[in-house]
Amino acid sequence: MAWAERILTLVPGRNGQAIAYALQSPGKRVRPALVMAAYRAVGGVSPAIAGVAAAIETVHTYSLVHDDLPCMDDDDLRRGRSTTHRAFDVETATRSGYLLVPIAAMVLAQASRDLVLPPDTLGKLAIELFQAGGAEGMVGGQWLDLEAEGRTLSLDDLREVHRGKTGALMRAACLLGGIAGEAGPTEMDALRGYGEEVGLAFQIADDVLDATSTSAILGKTAGRDAALEKSTYVSVMGIAAARREAAAAARRAIEHIERAGLPSSALAALAQYIVQRES
Ligand code: GRG
């Protein structure tokens, strides 16, 4: 049974329904794709890697549910549907977001058992995922982002926001694949470098799409950054230069894996997709 359905038996009532709603909403699944591609790039072959991919998507899903709340970005539309607090209510969405974090831990532990990894490796996976999701990563970045609303950030400060808010989980996705595949230090360094660059590329591309696309295509409200007076690559350097920065970061990402001799057309294709995507 898929996790999103098991949740309905583990978490009763409206909270479980809201969690399943959020997990089953049609996201692009970029972080899971990075986990799987990184795992295969270092020689991993087990289909049970999908559980590790599901764990990081669960953390990402919690972040989207909370990001959309009235106390944060206050949005109505996500992945082409009503945000969780609009489909349910603010209290249920808030609780569901928090509940998704221990669910991610359970999914990760189950995946580690299915992959028959030593207990020490589960520890490494958990530290990577939850550090990236915490104050040093996603939560810290989001915090900086909220504090910066209405202020003009320097490019260095903006990079710091992006590194935490979006980049930390992208980098972790690549490292989780490497850890699960028992990669060596050179491979891990290459995945770290690749993950940092695709994380930056992803958020710059996101800034460009927010300024240039429509809510119908994005499945979330376009023009939100300008409405919230956020500093973005677009507000700092304009659309054309931001596109060039994103493409350059994607190229640097690919160079990291090529230099390490990691044979991964999937990682290269994902770096291209991240900057060429339309939603
Ligand atoms: C308490 C300060 C504090 C934070 C809580 C809400 C939160 C944690 C973090 C927000 C992180 C966030 C939403 C970052 C934006 C990253 C981003 C570009 C998300 C969109 O990712 P996609 O395009 O989405 O991969 P889909 O829908 O395709 O999965």
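Use the structure listed above.
The sections below set out a description of the structure shown in this document. (Residues numbered from 1 in each chain as written. Predicted model: local features only at pLDDT ≥ 70, side-chain atom pairs only at ≥ 80, totals over all residues. Heavy atoms only, no water.)

## A few points about the overall build of the protein
Tallying secondary structure elements over the protein gives 15 helices and 2 strands in all. Here the C-alpha atoms of the protein give a radius of gyration of 18 Å, agreeing with the 19 Å that 2.2 N^0.38 yields for 279 residues. Counted over contacts in the protein with a minimum sequence separation of 6, partners at least 24 positions apart contribute 72%. About 12300 Å² of surface is accessible on the protein, with carbon and sulfur atoms providing 54% of the total. When the 28 positive and 34 negative side-chain charges of the protein are each reduced to one mean point, those points stand 3 Å apart. (Helix = DSSP H or I, 4+ residues; strand = E, 2+ residues; numbered from the N terminus. Rg over C-alpha atoms; globule rule 2.2 N^0.38 Å. Contact = heavy atoms within 4.5 Å. Areas by Shrake-Rupley, 256 points an atom, 1.4 Å probe, with all protein chains shown as cover. Lys, Arg positive; Asp, Glu negative; His and termini not counted. Charge placed at Lys NZ, Arg CZ, Asp CG, Glu CD.)

## Thoughts on the nonpolar core
Soluble globular proteins: nonpolar side chains tend toward being buried together. Core analysis: the biggest nonpolar cluster contains 72 residues, and Leu-34 and Tyr-194 have the highest contact counts within it. Element by element, the count of residues in this core is highest for helix α9 (residues 155-180), at 12 residues. (Core = buried A, V, L, I, M, F, W, Y, C linked by side-chain atoms within 4.5 Å. Buried < 20%, exposed > 50% of the residue type's maximum accessible area, 1.4 Å probe, protein only.)

## Some words on the site of the ligand
As a matter of local geometry, the ligand sits amid 20 residues, with Lys-28, Arg-31, His-60, Arg-79 and Phe-202 nearest to it. Here an oxygen atom of the ligand sits 2.7 Å away from a polar atom, N or O, in the side chain of Arg-79. In isolation the ligand offers 750 Å² of accessible surface; the protein chains occlude 89% of this area. Looking at the shell around the ligand, the element that brings in the most residues is helix α4 (residues 49-67), giving 6 residues. Taken together, the residues that form the shell around the ligand break down as 7 nonpolar, 7 polar and 6 charged. (Near = heavy atom within 4 Å. Polar contact = N/O pair within 3.5 Å; in protein donor to acceptor, adjacent residues only side chain to side chain. Nonpolar A, V, L, I, M, F, W, Y, C, P; charged D, E, K, R; others polar.)

## Describing the environment of Glu-57
Mapped onto the elements, Glu-57 comes out in helix α4. Residue classification places Glu-57 among the buried residues on the basis of a relative accessible area of 7%. Between the C-alpha atom of Glu-57 and that of Leu-122, which follows or precedes it by 65 residues, the distance is 17 Å. Residue contacts for Glu-57: discarding those within four places in its chain leaves Arg-29, Arg-31, Pro-32 and Arg-79. Within the structure, the side chain of Glu-57 is placed 3.0 Å from the side chain of Arg-79, a separation counted as a polar contact.

## Thoughts on the pattern of salt bridges
Side chains that differ in charge, positive against negative, can pair when their charged atoms come close. Under the definition given, this model contains 19 salt bridges. A salt bridge links Asp-145 to Lys-230, with the shortest nitrogen-to-oxygen separation between them at 2.7 Å. Placement of the pair is Asp-145 in helix α8 (residues 138-147) and Lys-230 in the loop between α12 (224-227) and α13 (233-237), with a sequence separation of 85 residues. In this structure, Arg-163 engages Glu-160 in a salt bridge whose closest nitrogen and oxygen atoms are separated by 2.5 Å. Of this pair, Arg-163 and Glu-160 both sit in helix α9, 3 residues apart, which is roughly one turn of that helix. Taking the relative accessible area as the measure of exposure, Glu-160 reaches 41% and is therefore partly exposed. Beyond isolated ion pairs, a larger network of salt bridges with shared partners links Asp-73, Asp-145, Glu-149, Lys-165 and Lys-230. (Salt bridge = Lys/Arg side-chain N within 4 Å of Asp/Glu carboxyl O.)

## Considering helix α10 (residues 185-212)
Structurally, the α-helix is built with 3.6 residues per turn, so residues lying three or four positions apart point the same way. If you check α10, its first and last C-alpha atoms are 40 Å apart, about what 28 residues at 1.5 Å a residue would give, namely 40 Å. Most of α10 is tucked away: 20 of the 28 residues are buried. (Expected span 1.5 Å × (residues − 1).)

## Some words on the environment of Ala-38
For Ala-38, the position within the fold is in helix α3 (residues 30-41). Under the relative-accessibility criterion, Ala-38 is labelled buried at 0%. In sequence terms Ala-38 and Gly-181 are 143 residues apart; their C-alpha atoms lie 8.3 Å from each other. Those residues in contact with Ala-38 that sit more than four places away from it in its chain are Cys-174, Gly-177, Gly-178, Leu-191 and Leu-267.

## Concerning the side chain of Ser-231
Tracing the sequence through the fold places Ser-231 in the loop between α12 and α13. On the basis of relative accessible area, Ser-231 is assigned to the buried category, the value being 9%. A distance of 3.0 Å separates a polar side-chain atom of Ser-231 from the backbone oxygen of Arg-151. Side-chain polar atoms of Ser-231 contact the backbone nitrogen of Leu-153, separated by 2.8 Å. Apart from the residues within four sequence positions on either side, Ser-231 is in contact with Arg-151, Thr-152, Leu-153 and Leu-158.

## A look at unusual backbone geometry
A negative phi angle characterises most non-glycine residues, just as the trans form characterises most peptide bonds. Located in the positive-phi region is Arg-79, a residue other than glycine, with phi close to 50°. Tracing the backbone shows Arg-79 in the loop between β1 (77-78) and β2 (81-82). Using a relative accessible area of 14% as the deciding quantity, one classes Arg-79 as buried.

## Considerations on the packing of α3 against α10
It is the contact of α3 with α10, at a shortest axis distance of 12 Å, that shows an interaxial angle of 160°. The pairing of α3 with α10 is recorded here as roughly antiparallel in orientation. Here α3 runs over α10; the crossing is right-handed. For the pair α3 and α10, the contacting residues are Val-30, Arg-31, Leu-34 and Ala-38 in the first and Leu-191, Tyr-194, Val-198 and Phe-202 in the second. (Axes fitted to C-alpha atoms, helices over the stretch in contact; angles between N-to-C directions. Parallel < 35°, antiparallel > 145°, perpendicular 65-115°, else oblique. Left-handed = near helix turned anticlockwise from the far one by under 90°.)

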